[in-house]
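The chain contents come next:
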Amino acid sequence: MNLWNETKSIPISRSQVWEAYKKVRANNGSAGVDELSMAKFDVNRSKHLYKLWNRMASGCYFPPAVKEVEILKKDGNVRKLGIPTISDRVAQMVVKMYLEPRFEKVFSPSSYGYRLHKNAHQALASVRENCWKNDWVIDLDIKGFFDNIDHKKLMKAVQKHVPEKWACMYITRWLNMPVQKKNGELQKKDGKGTPQGGVISPLLANLFLHYAFDKWLEQQYPTVKFARYADDAVIHCTNKRQAEELLQSLNERMQCCKLELHPDKTKLVYCRDFKRKGKYKSVKFDFLGYSFQPRTAKSSRTGRLFLGYDCAISISSRKRIADKLEELNLMDMSFKSIVGIAQKLNPYIRGWVNYYGKFRGSELSKIFYLLRCRLVRWARKRYKRYRNSLNKAYAWLDRVRKQYTYLFYHWQLGYSN
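Thresholds, definitions, all that
- Every chain is numbered on its own, with residues counted from 1 as its sequence reads.
- Only residues with pLDDT of 70 or above have their local features reported here, since the model is predicted, and side-chain atom pairs are shown and tallied only from 80 upward, although totals for entire chains, interfaces and linings are computed over all residues.
- Calculated side-chain values reflect all of the structure's heavy atoms, with hydrogen atoms and water omitted.
- When DSSP locates at least two bridges between a pair of strands, those strands are taken to pair.
- Only DSSP runs of H or I with at least four residues qualify as helices, and only runs of E with at least two residues qualify as strands; both kinds are numbered from the N terminus onward.
- Under this scheme, a helix contributes an axis fitted over its contacting stretch, all axes are lines through C-alpha atoms, and angles between N-to-C directions fall in the 0 to 180 degree range.
- We call two residues contacting when some pair of their heavy atoms lies within 4.5 Å.
- Salt bridge, as used here: a side-chain nitrogen of Lys or Arg that lies within 4 Å of a carboxyl oxygen of Asp or Glu.
- Relative accessibility thresholds used throughout: buried, under 20% of the residue-type maximum; exposed, over 50%; partly exposed, between the two (1.4 Å probe, protein chains only).
- For this text, the term disulfide refers to a pair of cysteine sulfurs within 2.5 Å.
- One fewer than the residue count of a helix, multiplied by 1.5 Å, yields its expected span.
- The arc in question is the one spanned by the directions pointing from the helix axis to the C-beta atoms.
- By nonpolar core we mean a set of buried residues, namely Ala, Val, Leu, Ile, Met, Phe, Trp, Tyr and Cys, connected to one another through side-chain atoms within 4.5 Å.
- Angles are sorted into four bins: roughly parallel if under 35 degrees, roughly antiparallel if over 145, roughly perpendicular if 65 to 115, and oblique for all others.
- Handedness of each helix crossing follows the sense of rotation of the near helix against the far helix: counterclockwise by less than a right angle gives left-handed, clockwise gives right-handed.
- Just so you know the grouping, Ala, Val, Leu, Ile, Met, Phe, Trp, Tyr, Cys and Pro go in nonpolar, Asp, Glu, Lys and Arg go in charged, and all remaining residues, Gly too, go in polar.
- Aromatic rings from Phe, Tyr and Trp, taking only the six-membered ring of Trp, are treated as a pair when their centres fall within 6.5 Å; an angle between ring planes under 30 degrees marks them as stacked, one over 60 as edge-to-face, and anything in between as tilted.
- The rule for a charge over a ring is simple: NZ of Lys or CZ of Arg within 6 Å of the ring centre, and within 35 degrees of the ring normal.
- Whenever two N or O atoms come within 3.5 Å, that pair is a polar contact, provided that in protein one can donate a hydrogen and the other can accept it, and provided that, for residues adjacent in sequence, both atoms are side-chain atoms.

Visitor: Outline the sheet that holds strand S7 (residues 232-237), supporting the account with residue identities and numerical values.
Guide: Spatial ordering of the open sheet is given by S6-S7-S3-S8, a layout of four strands whose pairing is antiparallel. Strands at the two margins of the open sheet, each flanked by one partner only, are strand S6 (225-229) and strand S8 (267-270). Going from strand to strand, the sheet's axes swing by 20° on average, the running direction of each strand aside. Strand direction decides the pairing type here: strand S3 (residues 136-141) and S7, joined by six bridges, are antiparallel. Residue Asp141 lies in a different strand from S7, and its bridge partner there is Asp232. Packing against the sheet, helix H5 (residues 120-133) makes contact with S3, S6 and S7, and its axis sits at approximately 155° to S6. Its contacts with the sheet put helix H10 (residues 240-256) on S3, S7 and S8, and the angle it makes with S3 is roughly 20°.

Visitor: Please provide a residue-by-residue account of the sheet that holds strand S2 (residues 78-83), values included.
Guide: The strand order across the open sheet built from four strands is S2-S1-S4-S5, with neighbouring strands paired in mixed fashion. Unpaired on one side and paired on the other, S2 and strand S5 (186-187) mark the two borders of the sheet. Note: strand S1 (residues 66-72) against strand S4 (residues 179-180), two bridges, orientation parallel. By the bridge assignment, Lys67 is partnered in S4 with Gln180.

Visitor: Hey, could you go over the pattern of salt bridges for me, with residue numbers and the actual values?
Guide: Per the counting criterion, the structure on display carries 23 salt bridges. With its nearest N and O atoms 3.2 Å apart, the salt bridge here joins Lys181 to Glu68. With Lys181 in the loop between S4 and S5 and Glu68 in strand S1, the pair connects residues that are 113 residues apart, well separated along the chain. What makes Glu68 buried here is its relative accessible area of 11%. Among the charged side chains, a salt-bridge network with shared partners connects Arg128, Asp310 and Arg360.

Visitor: Report on the state of the cysteines, specifying residues and quantitative values.
Guide: All chains considered together, the criterion is met by zero disulfides. The thiol of Cys131 is not disulfide-bonded; the next cysteine sulfur, from Cys271, is found 4.1 Å away. Among the residues examined, Cys131 registers a relative accessible area of 1% and is labelled buried. Cys257 carries a free sulfur, and the closest cysteine sulfur to it, the one in Cys256, is 6.5 Å from it.

Visitor: I'd like to hear about helix H1 (residues 14-27), residue by residue, with values.
Guide: For H1, which comprises 14 residues, the first-to-last C-alpha distance of 20 Å matches the rise-based estimate of 20 Å (1.5 Å per residue) to within 8%. Inspection of H1 places Val17, Ala20, Tyr21 and Val24 among the buried residues, and these make up the whole buried set. Down the axis of H1, the buried set is contained in an arc of 105°. They therefore lie on one face. If you follow the buried residues of H1, they end up packed against helix H2 (38-43), helix H3 (45-58) and helix H4 (86-104). Asn28 sits one or two residues past H1 and shows a positive phi near 60°.

Visitor: So what's going on with the nonpolar core? Which residues, and what values?
Guide: Membership of the largest hydrophobic core comes to 75 residues, with the highest contact counts inside it found for Met56, Phe145, Val158, Phe213, Ile235, Leu246 and Leu250. Residue contributions to this core peak at 10 residues, all from helix H9 (residues 201-220). Ignoring sequence-local partners within four residues, the contact set of Leu246 consists of Ile138, Leu217, Tyr221, Val224, Ile235 and Cys237. Among the nonpolar cores identified, the runner-up in size contains 56 residues, and Ala123, Val234, Leu288 and Cys373 belong to it.

Visitor: Before we move on, can you summarise the packing of helix H11 (residues 315-328) against helix H13 (residues 365-382) with the specific residues and values?
Guide: When two helices pack together, their arrangement is given by the angle between the helix axes and the distance between those axes. The geometry of H11 relative to H13 is characterised by a closest axis approach of 10 Å and an angle of 15° between their N-to-C directions. Considered as vectors, H11 and H13 are oriented roughly parallel to each other. When the axes of H11 and H13 are compared, the crossing they make is right-handed. Residues Arg318, Ile321, Ala322, Leu325 and Glu326 of H11 lie in contact with H13, whose contacting residues are Lys366, Ile367, Leu370, Leu371 and Arg374. Among the residues making up the contact of H11 with H13, the classes are represented as six nonpolar, no polar and four charged.

Visitor: Which residues make up the packing of aromatic side chains, and what values do they have?
Guide: For the structure on display, the rule yields 28 aromatic pairs. Cluster of aromatic residues (ring-pair linked, three or more members): Tyr290, Tyr355, Tyr356 and Phe359. The residue whose ring lies beneath Arg14 is Trp53, and the NZ or CZ to ring-centre distance is 5.1 Å.

Visitor: Account for the packing of helix H12 (residues 338-356) against H13, with residues named and values stated.
Guide: The contact between H12 and H13 brings their axes to 13 Å, and the two run at 170°. Compared by their axis directions, H12 and H13 come out roughly antiparallel. Contacts between H12 and H13 involve Ile338, Ile341, Leu345, Ile349 and Val353 on the former and, on the latter, Phe368, Leu371, Leu375 and Trp378. Of the residues that constitute the contact of H12 with H13, the class distribution is nine nonpolar, no polar and no charged.

Visitor: Before we move on, can you summarise the side chain of Arg372 with the specific residues and values?
Guide: Considering the arrangement of structural elements, one finds Arg372 in helix H13. We classify Arg372 as buried; its relative accessible area is 16%. A polar atom in the side chain of Arg372 sits 2.8 Å from the side chain of Asp398. Those residues within four positions of Arg372 in sequence are excluded, and the remaining contacts are Tyr394, Leu397, Asp398 and Asn417.

Visitor: So what's going on with helix H14 (residues 390-403)? Residues and values would help.
Guide: Helix length check: H14 (14 residues) gives 20 Å between terminal C-alpha atoms against 20 Å at 1.5 Å per residue, within 8%. Those residues of H14 lying buried are Ala393, Tyr394, Trp396, Leu397 and Val400. An end-on view of H14 places all buried positions within 155° of arc, on one side of the element. H14 presents Asn391, Lys392, Lys402 and Gln403 as exposed residues on the side facing more than 90 degrees away from its buried surface. Elements that come into contact with the buried residues of H14 comprise H12, H13 and helix H15 (409-412). Structurally, the start of H14 carries an N-cap: the backbone nitrogen of Lys392 is 3.2 Å from a side-chain oxygen of Ser389.

Pasting the structure below:
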């Protein structure tokens, strides 16, 4: 197949569209405003993809509105996501794959979110190490970042790296596409914001913050270490005075970029441990689902306990997992044996362990104790001989674990409970 059709005005090939489609399909996702699910899309896949390629390569592709979906945040507030149609996700993926390699060459090594060969664990490891070396942290939160990205400033950054007019044209169209509210009303953009949920949005957000935050910090405070994951960032300072001055400068910088630091969520934190014994109220912060705070640790050399500063799964993350267990409702599962429950739960358990077990994984034992209690409750409902004896039900579960060590994923790894 000829990869490039010379009769088209824009150099987008059918193979590029196909590769983009495969990535979108792997990510799955729900339907957009056209209510076309991935299953329905695949029924006429060739037709949809050819139509998309033909329009994109001709310059006449105009994205439809994004569908607004509300999800509950951990603080009880609502986060609004913008879900594009499947065809539009493929279109965005085409441009993202085209631009991402060149953007990667300029992005800061301290930026970890939604990047090639970067991940949250690397960001956490960086913060962990820098907390041991620096006494103070600025726990940064940008208020409504994705909703307030200034389009003119963003496009100025885009055009610095993207001379192709067709790519800039499509990015401008995606920035300006309206949002369809729950009641069907179309809400137009007012020159700011990029929807969370869009395929290309994280790349554009990283580019915006590269100039608004990363590059500015590296130029103005070259000795200061930081880690940023999308719009979440942690800055390390050697003393309180430096942290206060930097925070003031950062407030001014964000205002210049038409952004605002969240007044309640942005704070200074003292990294207290056995060496740093200052009396300060704020000694804890959360980052990427982990809590950083003073914690008891054991010396690998002497075996003695001491007060260190380290991270482990946060209370809010444990609560979300507990809520998920509640939602799964083990008591009403109709499996005839515990094997069925293990098959149902193991994908979730594997995800929890692989992410939250990276640092101080022993803290997950509280989650697995909760799971153990629920398994016992299920057994007492399922088997008559255990209904009147809690101890016998626990003994049964212990026998199952001893006999079938690999039944549950966390059992395989030797976690308690």
